[in-house]
Amino acid sequence: MLFYSFFKSLVGKDVVVELKNDLSVCGTLHSVDQFLNIKLTEISVTDPDKYPHMLSVKNCFIRGSVVRYVQLPADECDTQLLQDAARKEAVQNKKR
Amino acid sequence: MNYLPGTASLIEEIDKKLLVVLRDGRTLIGYLRSIDQFANLVLHRTIERIHVGKKYGDIPRGIFVVRGENVVLLGEIDMEKEGQLPLEEVKIEEILAMQQEEQTVKKQEEEKKKKALVERGIQPHVDQIQEDF
């Protein structure tokens, strides 16, 4: 749930999603769900010559299981907060 | 997939003309009629679009039921942009022939790479499922 909440806090920001098939999609994070499926709006493919099929697509839904990386702007990410949240989760999981 | 606001749901994409990229590299275009929590899809009036270079060809496929695990992404087709594609549509036979050529060239390159690695003592890693994307 930690990263679901983390991505929810990033809705509206511009991100680059790199998929396991090496396709990179740049866009605005519209929404995310518990499976970390991602919906992006106003997308642009970083290498359109290699992937011409995305030319007529403005919004897309990306299945969470095919994501390799989500690249975020550094100033959008509070690493201290993330660390604290991760520690809390670790404690909770240990208790369970 | 649920009905909570702010969650990425495919419900909103129902009845829209979507472009679906599959893990084996195929591109399907069809109207989304049905979904479930695994992102299994039912596509209506589906065409398979094959791209080679700046050319493409469409093969009509009818109704497709796609298992969610094979889906890479779903894109909403913008009809205006569809009309302005800088790509040239060609006949099915032609695009299939071009695709075959592309596959042979790729295969040859793969063989060369494999040979080079084996010569250097690195054993080829065989994947269970060939994912072409």
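The rules behind the values
Residues numbered from 1 in each chain as written. Chains lettered and ligands numbered in written order. Predicted model: local features only at pLDDT ≥ 70, side-chain atom pairs only at ≥ 80, totals over all residues. Heavy atoms only, no water. Contact = heavy atoms within 4.5 Å. Buried area = accessible area lost by both parts, 1.4 Å probe. Salt bridge = Lys/Arg side-chain N within 4 Å of Asp/Glu carboxyl O. Polar contact = N/O pair within 3.5 Å; in protein donor to acceptor, adjacent residues only side chain to side chain. Helix = DSSP H or I, 4+ residues; strand = E, 2+ residues; numbered from the N terminus. Pairing = 2+ DSSP bridges. Axes fitted to C-alpha atoms, helices over the stretch in contact; angles between N-to-C directions. 1 Å grid on protein atoms, 1.4 Å probe; cavity = no way out; pocket = protein on both sides within 12 Å on 5 of 7 lines; lining within 4 Å. Points joined across faces, edges and corners; volume = space filled by probe spheres on them. Nonpolar A, V, L, I, M, F, W, Y, C, P; charged D, E, K, R; others polar. Buried < 20%, exposed > 50% of the residue type's maximum accessible area, 1.4 Å probe, protein only.

On to the interface of chain B and chain A, then. On the side of chain A, 26 residues touch chain B, which itself brings 33 residues to the contact. When chain B packs against chain A, close to 2500 Å² is buried across both sides, 60% of that on carbon and sulfur atoms. Across the contact surface, chain B and chain A share three salt bridges. Across the salt bridge formed by E13 of chain B and K39 of chain A, the nearest N and O atoms sit 3.0 Å from each other. At the boundary of chain B with chain A, the tally comes to 11 residue pairs in polar contact (both at pLDDT 80 or more). Of all the secondary structure elements, the ones that give two or more residues to the side of chain B that touches chain A are β1 (17–22), β5 (71–77) and α1 (79–83) of chain B. A total of seven residues in the side of chain B that touches chain A trace back to one element, the largest contributor, which is β5 of chain B.

Read from one edge of the open sheet, 11 strands run β5(A)-β1(A)-β2(A)-β3(A)-β4(A)-β5(B)-β1(B)-β2(B)-β3(B)-β4(B)-β6(B), paired in mixed fashion. A single partner strand is all that each edge strand has here, and the edge strands are β5 (67–71) of chain A together with β6 (88–89) of chain B. As judged from the five bridges shared by β1 of chain B and strand β2 (residues 27–35) of chain B, these two strands associate in the antiparallel manner. In the sheet register, L19 of chain B faces β2 of chain B, and the bridge partner there is I29 of chain B. Contacts from helix α2 (residues 92–119) of chain B reach β3 (41–52) and β4 (55–66) of chain B within the one sheet, and its direction differs from that of β4 of chain B by about 95 degrees.

Before going further, it helps to spend a moment on the layout of surface pockets. Over the atoms rolls a probe the size of a water molecule, and its path tells where empty space is left. Residue and element names in this part refer to chain A. Considering only enclosed or pocket space, the second largest pocket measures out at about 190 Å³ in volume. In terms of lining residues, the second largest pocket is bounded by L2, S5, F6, S9, E76, C77, D78, L81, L82, A85 and E89. Mapped onto the lining of the second largest pocket, the elements with two or more residues apiece are α1 (2–8) and α2 (79–95). Here the element with the most residues in the lining of the second largest pocket is α2; it accounts for four residues. For the lining of the second largest pocket, a count of residues per class yields six nonpolar, two polar and three charged.

With that settled, the discussion passes to unusual backbone geometry. Positioned with a positive phi, L36 of chain A is a non-glycine residue whose angle comes to about 60 degrees. Structurally, the position occupied by L36 of chain A is in the loop between β2 (24–32) and β3 (38–45). Even without being a glycine, D15 of chain B presents a positive backbone phi close to 70 degrees. Among the secondary structure elements, D15 of chain B is positioned in the segment before β1. Looking at D15 of chain B, the relative accessible area reads 48%, which means it is partly exposed.

For the rest of this paragraph, the subject is the pairing of β4 of chain B. All names here are of chain B. In the sheet, β3 pairs with β4 via 10 bridges, with the strands oriented antiparallel. Across the sheet, V52 pairs through a bridge with K55, a residue of β4. Hairpin connection of β3 to β4: two residues between the antiparallel strands, including G53 at a positive phi of 65 degrees. Two strands pair when backbone bridges link them, and β4 and β6 are joined in this way by two bridges, in the parallel orientation. Paired with K55 across the two strands is E88, which belongs to β6.

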